[in-house]
Each structure stands twice: as C-alpha cells, then as structure tokens.
Amino acid sequence: MSLKVCKFGGTSMADGNIIAGVKKIIESDASRRFVVVSAPGKRFSGDIKITDLLYGCFAELKKSGTCKQAFAPIRARFVSIVKELGLDFDIQTVLDETQQRIDEERSEDFTASRGEYLSARVVAEVLGAKFIDAQDVVFFTADGALDGEKSYKAIASAVAGCERAVMPGFYGVDADGKVKTFSRGGSDISGAVVARAVNATLYENWTDVSGFLACDPRIVDSPKRIKSLSYKELRELSYMGANVLHGDSIFPVRRANIPICIKNTFRPDDEGTLILPSNRYVSGGNIVTGVAGKKNFSVIFIEKSHMNSETGFVRKVLSVVEEAGIPIEHIPSGIDTMSIVISSDALEGKLEQIIEGIKTAVQPDNIRVTENVALIATVGHGMSSSVGTSARLFNAIASADINIKMIDQGSSELNIVVGVNDSDYEKCIKAIYSEFFGS
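Everything in this summary refers to the structure shown in the same document. Just so it is clear, the structure is predicted and the values come from calculations on it, not from any experiment.

**Let's talk about empty space enclosed by the protein**
Picture a little ball the size of a water molecule; that probe, rolled over the atoms, points out where space is still empty. The final tally for this structure, using the stated rule, is one cavity of 30 Å³ or more. Of the volumes computed, that of the largest cavity is approximately 70 Å³. What lines the largest cavity is Phe34, Val35, Ile132, Val137, Ile155, Ala158, Val159, Ala165, Val166, Met167 and Val194. Mapped by element, the contributors of at least two residues to the lining of the largest cavity are strand S2 (32–37), helix H6 (148–159) and strand S4 (165–168).

In structure tokens form, the structure reads like this:
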C-alpha cells in the first residue's frame, strides 16, 4: 500500500492562498497522510522570511528582555494567513502563548523554531489533522547528533491510528529536553525522519522548483532538469552548492531505501526529480548528471622532498588544521606535494597561525597560499564507465581560456572537482555544461 510523507518548504507556507493550494495537493492523494512544514518564506522580493524575523526577536530579547516589538510583524503575518484561509482558529491566543514562551525560554534555538511550530498549527487546522509537536518526537543525543532510533519509535507511536498528521520541521529536543534546531534547511531532514519512521513508500519534498537542474539557472539559461539521480549524486551536488534539498536529508531514508521526489508546489503536475538508492538507480543515459560549485576557497600548497616516505607527514599537517578548529574540503596530493583546500571564511583570522603550525610540524621546503579559488564539481555515475570524460572536461575548460588551479577526482569516480579563479567561476560552469549538455 502506498504511503507518502510530504514536506512543504517555506515558499509553500508563504501566505494563506498558497497554503490553500497545498491543501488541494495533499487531499488529491489519499496516500499523502503525513505532512512536515517549514516556516513561511518570502511572499515577494524584498520580503523577510519568518525565521529571519525570529532571529531578530532573539536579538531584541537579549537587548531589552522582551521580544514584543520584534514579534509584531510575525504576529501580523500569521493573523493574515489565518484570515486568508477563512479559518475559525484562535491564532491570537496561540501567538500570545508563543511570544510569552520566547521571553521565558531565552533560547535562540527555541525562538528560531517557532516559525515551523506556528505553520504546523495552522496547517493542522486547515487539514483537520492531528498536530504533533516535533519536540515530543524528535530527539538529539548529548553530542548534538540526531537520535534516529529513539525518534523513529516516538513518531511511529504518535501517528499510530492517524488518518493524517502534521508536524513542524527544523527542530526537536536535546538530551536535556531543550528545543534544538537542525542547521538551516533542516526541515528537509525532519521530513526524511518521518518518512523513515512510518516506512513510507515515497518522501515528497515540495518546493518552488520542478526538481533538480543540471546546473545553476542563474548561470546557464534554462538548464535541463535531472529526471533522476542517486543518493550519492545528490550528496555531491548538494555539498557543492545545489541547494534544492538539504544534503543530510538522505541519511534517514537511505537505509530503508525510500525514494525522494522533488516536486513544485506551484506546478504540482510537473514530473519533478526522483532521488533513488544506488541499487534502484538507473542512469538516464547522460555521462554527467550535473555541475555545481562554490566560490571563496583558499588552497595551502605544501612541498617537501621525500614527503611520501616520511611517516605521519599527512597526520601532522592535518592535526595543525584540526587544532585550529577548521574543516578541510579537499586534499589533492602528489609524491612530494600536498594541497589543503579550505573555505576562506573558515580561515579568517587563523591563516597565519596555521602556516606557522605547519612549518613547525613538518618543516616543508615550500609553502604558499592561493586565495579566491572556486571549486566546481562535475558529477555523474556515467563518468566512471565512459572513456575520455576527463579529456572532454579539461578540453572544454582550456577552450574557454581558463587556467585550472587544482584537480581532485574522488575514488568512487563519481565526480571530478577543479579549482579555478573566482573570476572564472561562471565561465567555467558554462563551458562544462555546454560540453556535456549542449548549449
């Protein structure tokens, strides 16, 4: 029997008219029984997302002891949504309680979570469905990780016997029982957790685009839609900046082999993009699935003769970076060379400390830093079985008169990452897209 979990993003919650459309989507398919919602997003260019307004509430709370003034536009927004929906729902009382709890809790995570909480309260009323508070069923461990097994059991118990239920995304509770949020976009993870808990046949993620595109439409006009991709390809593309779906959302559903479908709230009949486990994934015939990238990286280049024979060399270098509390993106290496790729934002104020630490730890012959580097990933399962893919990629970049600063190919042969100057970022993506997808 088909059972779908639907997560609706911020644009799907933006106003009452859009939520009315969401109601039609849900009620058009009886298998769409469990719904996870985000906080209301922007209604128009220049509008402010509810979550951002809530962070403003917390800033005011710290400064003045109350969030009353900053909460006013949030109150007005939800009153307007309920009015547009024509609901007989005492939203003012719910808002009064929410504002009071924000003042009492004095917690940034609790404050930020209230957009999802209020959205779910409204949508539950719209659907006549059971409201399940995420703080009662989603749990984090003492080290801040999702406690999956505990959460799955609690959700399954909470929805038992429900014809339909609505839960806010983005938050749960920590080991001390305090509200804790996922990272931004974390409602995608919440939806996946519910899908795993109820053993859904499909996890539908509703947003404002009709699936994944082969590259950023702000760079290439009308890029092709990806009909299907694997969990692994999703992770690679999401990590490199394709932000349609939170990259961590695959983890709850992967073990249960639950597919994800990206759908468009505003074009519900569009096919969307299906994301599948590797054992169910069948390539659409393209060598490359997608191209994505990010700017503003720094590359620390280390050179030392006989580096390869020096026991513990890499460990010593990485320990210096670890002690500075900085994550590493890539580590391309040669027999006497090693490069460390790090986000420039993460390095801010720490670069000199790291350089001196590396000099002390391994006494390199040469060490230098290249800044303003963009990383671009070309991703696809078809690349490993297609002769000449790398040659086509590098020829396309060379033909565009772009100098490659760095090359890193994953051991799975699923992706090739190149580093270029930030100034060549858009031109490089266009060149790669044109080579593998046509102009």
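**Brief notes about the environment of Glu435**
For Glu435, the position within the fold is in helix H14 (residues 425–437). Sequence spacing of Glu435 and Ile397 is 38 residues, and the spatial spacing of their C-alpha atoms is 9.3 Å. Residues within four places of Glu435 in sequence aside, it is in contact with Arg392 and Ala396.

**As for the sheet that holds strand S14 (residues 404–409)**
Consider a sheet: its strands pair through backbone hydrogen bonds, and that pairing is either parallel or antiparallel. If you trace the five strands from one edge of the open sheet to the other, you get S12-S11-S13-S15-S14, paired in antiparallel fashion. Two strands bound the open sheet, and with one partner strand each, they are strand S12 (337–343) and S14. Strand-to-strand twist in this sheet, taken as the mean axis angle between neighbours without regard to direction, amounts to 35 degrees. In this sheet, strand S15 (residues 415–421) lies alongside strand S13 (residues 366–379) in antiparallel orientation, the contact comprising seven bridges. The residue of S15 that forms the bridge with Ile376 is Val418. Seen against the sheet, helix H12 (residues 351–362) touches strand S11 (290–303), S12 and S13 and runs at an angle of roughly 110 degrees to S13. Contacts from helix H13 (residues 389–399) reach S13, S14 and S15, with the element oriented near 15 degrees to S15.

**As for the packing of helix H1 (residues 16–27) against helix H3 (residues 68–85)**
Put simply, H1 and H3 touch, their axes get as near as 8 Å, and they point 55 degrees apart. What the angle tells us is that H1 and H3 run oblique. Here H1 and H3 pass one another in a crossing that is right-handed. In contact with Gly16, Asn17, Ile19 and Ala20 of H1, H3 contributes Ile81, Glu84 and Leu85.

**Here's the deal with the pattern of salt bridges**
Scanning the entire structure with this criterion turns up 20 salt bridges. Here Glu105 ties to Arg101 by a salt bridge, and the two come within 3.1 Å at their closest N and O atoms. Taken together, the residues Glu105 and Arg101, both in helix H4 (residues 91–105) and four residues apart, mark about one turn of the helix. The network of salt bridges with shared partners includes Lys4, Asp29, Arg32 and Glu204.

**As for the pairing of S4**
Where burial is concerned, the two faces of S4 agree: the one with Ala165 and Met167 and the one with Val166 and Pro168 are both buried. With four bridges connecting them, S2 and S4 associate as parallel partners. Bridge pairing in S4 links Val37 to Pro168. By the bridge criterion, two bridges tie strand S3 (residues 130–131) to S4 in an arrangement that is parallel. Each residue of the ladder has a partner; that of Phe131, found in S4, is Val166. The β-α-β motif built from S3, the intervening H6 and the parallel element S4 has right-handed crossover chirality.

**Some words on the pairing of S15**
Where burial is concerned, most of S15 is hidden: six out of the seven residues are buried. Bridging between S14 and S15 involves five bridges; their strand directions are antiparallel. Each bridged residue has a counterpart across the sheet, and for Ile407 the counterpart in S15 is Val418.

Reading the values: rules and limits
Residues numbered from 1 in each chain as written. Predicted model: local features only at pLDDT ≥ 70, side-chain atom pairs only at ≥ 80, totals over all residues. Heavy atoms only, no water. 1 Å grid on protein atoms, 1.4 Å probe; cavity = no way out; pocket = protein on both sides within 12 Å on 5 of 7 lines; lining within 4 Å. Points joined across faces, edges and corners; volume = space filled by probe spheres on them. Helix = DSSP H or I, 4+ residues; strand = E, 2+ residues; numbered from the N terminus. Contact = heavy atoms within 4.5 Å. Pairing = 2+ DSSP bridges. Axes fitted to C-alpha atoms, helices over the stretch in contact; angles between N-to-C directions. Parallel < 35°, antiparallel > 145°, perpendicular 65-115°, else oblique. Left-handed = near helix turned anticlockwise from the far one by under 90°. Salt bridge = Lys/Arg side-chain N within 4 Å of Asp/Glu carboxyl O. Buried < 20%, exposed > 50% of the residue type's maximum accessible area, 1.4 Å probe, protein only. Right-handed = clockwise from strand over helix to strand, strands pointing away.

Note that every value here comes from positions in space, so none of it alone points to a role or purpose.
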